[in-house]
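Chains, contacts and geometry: an overview
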Amino acid sequence: MKALITGGSSGIGFSIAKELIHKNYEVILVARNEENLKKAIENLGKKASYIVTDLSIAKNCKELYYKLKDEDIHILINSAGFGLHGRFREEDLDRQLELIDLNIKATQILTKLFLNDMIEKNRGYILNIASTAAFSPGPLMASYFASKAYILRLTEAISEEIRKEGKNVYIGCLCPGPVETSFNDKLGVKFNKAQNSDELAKYAINKMFQKKRVIIPTMNHKLNAFFNKFVPLKILLNANYNVQMKKIENAKKESI
């Protein structure tokens, strides 16, 4: 059986690839950096292959689907994405739009196209990677938080549609907190505590096969997601702003 993993050359996507290979899946990694993909393949072995493409371009997402349509993809992991950190008005508009194209549009396109095939076969799994950021607004990471909220709500809604139809197809959403990946370095932020990506991948895939709709890895983050529903918005916004500022300060201290 085959699994397609976007953003699979590093981070959570790469860790999920390792876990699926351990479960005897063939994995196809997709990213736009061929050098990173080659390094990933060297570490994963013969059960892994790769495709180089930029999924922030909608046409490329569609071309990827048609290229793999006859490969009988049993699992789709939508892991490709990036974040922006800073004041919304100061961020580059083109980068904000690229974030929307990759974090939202690519996931939307691939989910829709592969889901239709899975429904027809009445089998398959789709796991969309969101974040605990999906559960609240995020000052100083406004676009990123909003993009993950979109993915979470989209996934939940589709999951209910499939349940009502009685189809044997799974779609779920992984919502991790901070994870030890290069994602944080690219943002220029520093977390005091971050989860190991391999441990996260193992947990996520096990929950996926148990058909858990929303997967939140740690008890602390489960509690945060629950209590966010009851905290007044003004307090939540202020708290998230302070958290993001703290991350920036920690990163600056590390660089000194």
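An account of the accompanying structure is given in this report.

Most of strand E6 (residues 170–174) sits out of view: 5 of its 5 residues are buried. Alternating residues of E6 divide into Tyr170, Gly172 and Leu174 and Ile171 and Cys173, and every residue in both groups is buried. Bridge analysis of strand E5 (residues 125–129) against E6 gives 5 bridges, and the strand direction is parallel. Residue pairing in the sheet places Tyr125 in a bridge with Tyr170 of E6.

Once that is clear, we can look at the nonpolar core. Core analysis: the biggest nonpolar cluster contains 34 residues, and Leu4, Leu55, Leu64, Leu68 and Phe114 have the highest contact counts within it. Residue contributions to this core peak at 10 residues, all from helix H4 (residues 93–121). Discounting residues that sit within four places of it in the chain, Phe114 has contacts with Leu4, Tyr65, Leu68, Ile73 and Leu76. Counting 31 residues, the second-largest nonpolar core is a separate cluster that includes Ala17, Tyr125, Ala201 and Met208.

Let us look at the sheet that holds strand E7 (residues 214–215). Taken in spatial order, the 7 strands of this open sheet run E3-E2-E1-E4-E5-E6-E7, and their pairing is parallel. The outermost strands of the open sheet, each flanked by one partner alone, are strand E3 (48–52) and E7. Relative to E5, strand E4 (residues 73–78) runs parallel, the two being bridged by 4 bridges. The residue bridging Asn78 from the neighbouring strand is Asn128, located in E5. Running over the sheet, helix H1 (residues 11–22) touches strand E1 (2–6), strand E2 (26–31), E3, E4, E5 and E6 and is turned about 170° from E1.

Criteria and cut-off values
- Residues numbered from 1 in each chain as written.
- Predicted model: local features only at pLDDT ≥ 70, side-chain atom pairs only at ≥ 80, totals over all residues.
- Heavy atoms only, no water.
- Buried < 20%, exposed > 50% of the residue type's maximum accessible area, 1.4 Å probe, protein only.
- Helix = DSSP H or I, 4+ residues; strand = E, 2+ residues; numbered from the N terminus.
- Pairing = 2+ DSSP bridges.
- Core = buried A, V, L, I, M, F, W, Y, C linked by side-chain atoms within 4.5 Å.
- Contact = heavy atoms within 4.5 Å.
- Axes fitted to C-alpha atoms, helices over the stretch in contact; angles between N-to-C directions.

Everything listed is a geometric property; what it means functionally is a separate question.
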